[in-house]
Structure formats: C-alpha cells, structure tokens
Amino acid sequence: LIDSCMLSGIFLGSGTGIAACNVVDQFNTIAIAIRNETQMNGCFVRNNTILHTLSDGIGTSENVYNSKILNNEIAFVAYDGIGARPVNGDHGMYIQGPDALIENNYIHHILDSCGGAGCDGVGISFRTTVVINKNIVHHCINSGIAYFNEHPAGTNDIFITNNLVYDNTRTA
C-alpha cells in the first residue's frame, strides 16, 4: 500500500519496468509514472488499484514504447474537482508513448473540471498509436476515451474495440 504521497507513488524509468499488485491511495501527483530520457520498451503496469489521486492515475512519456497497461482500477482522479494540473487536466490514464496496449482496466469517477477552463479530465487520454480493448470507463467529467494527435506515432494503428463507456459528461 502506498498512501498519502506528495510525489509519484511508483516511478518506472530506465529500461523495462513492472508495477504489479499495488494499492495506491490518496495522492497529490501522478500515481504511476513511466518516463525515461531515452527510449524504454515493454513496460508492464498490471493489477493495481489507484484511488484518490489529484493528478493522472497512470501516465507514460512519449519515449515509452510498447507498454502494456492491464487489469488496473483507477478511481477518483482529481477528487477535489480541480486536480494537480488545472491548465492541462488530470486523467485516469495519460498515454503519450506509442504502441501501448490498454486492456481490461476499470476507470471511473475522473472528476477534474478545471474550473470550467475546458481541460476537463478524461478516462483514457491517449496521444499516439494504441490498442484500447475491453475497458470499462464511466463517470468522467470529460470523455471516457479521447485521442489527441500531438505526439509521434508508433508503428501500429489505433484500435479501440469492445470497451464499455457510459455516463460521461461528454460523449466517448
């Protein structure tokens, strides 16, 4: 159990990493951060429970390739209604690294409203090529799943299949 931290609860960098079977609760920044100065390949984040974080539940930087984010629960992101990044928004997942697999996750109650600044929290916010499959996403202030093409693409396409997305303020 990682509880009441002021910085990233789990930080993966340099090489290949695995974050598995953790409970992260009451966070002021990103709960699981995956970033590196050089390319990182094949990081696994699976079977974690992330609750009550002010910033993103799980985030990858654009040089993290082929990450696999599986079987996690993320809930009550930006639990104060504003979050840690009021200019950019706080999300359940913020994926910048190409060719990620996001599968069998349960993401709900992403509460970042940014005070009406238009940067509201998204359940799964991705910026590059991914496969998003078999996730349940509900009760997000913004969209359940949203794509923004501002980071380099990988070698694969974007596939969004078999997800259950409902009761979000904006459409999926």
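Residues numbered from 1 in each chain as written. Predicted model: local features only at pLDDT ≥ 70, side-chain atom pairs only at ≥ 80, totals over all residues. Heavy atoms only, no water.

(A) Geometry of the pairing of strand β15 (residues 106-110). In terms of strand pairing, strand β12 (residues 73-77) meets β15 through 4 bridges, oriented parallel. Paired with V77 across the two strands is I110, which belongs to β15. When β15 meets strand β18 (residues 136-140), the two strands line up parallel, connected through 4 bridges. Bridging across to β18, H108 finds its partner in H138. (Pairing = 2+ DSSP bridges. Helix = DSSP H or I, 4+ residues; strand = E, 2+ residues; numbered from the N terminus.)

(B) Structural view of the nonpolar core. Core analysis: the largest hydrophobic core is formed by 26 residues, its most contacted members being I58, M93, I95 and I124. Mapped by element, the contributors of at least two residues to this core are β5 (32-34), β12, β13 (93-95), β14 (100-103), β15, β16 (124-126), β17 (130-133) and β18. In this structure M93 touches I58, I69, I74, I102, N105, I107, G123, I124 and S125, once residues within four positions along its chain are discounted. (Core = buried A, V, L, I, M, F, W, Y, C linked by side-chain atoms within 4.5 Å. Buried < 20%, exposed > 50% of the residue type's maximum accessible area, 1.4 Å probe, protein only. Contact = heavy atoms within 4.5 Å.)

(C) Main features of the environment of F126. Within the element layout of this structure, F126 appears in strand β16. Taking the relative accessible area as the measure of exposure, F126 reaches 1% and is therefore buried. When the C-alpha atoms of F126 and T60 are compared, they prove to be 9.6 Å apart, with 66 residues separating the residues in sequence. Leaving out residues up to four positions away in the same chain, F126 has contacts with I95, I132, I145, A146, Y147, F148, I158 and I160.

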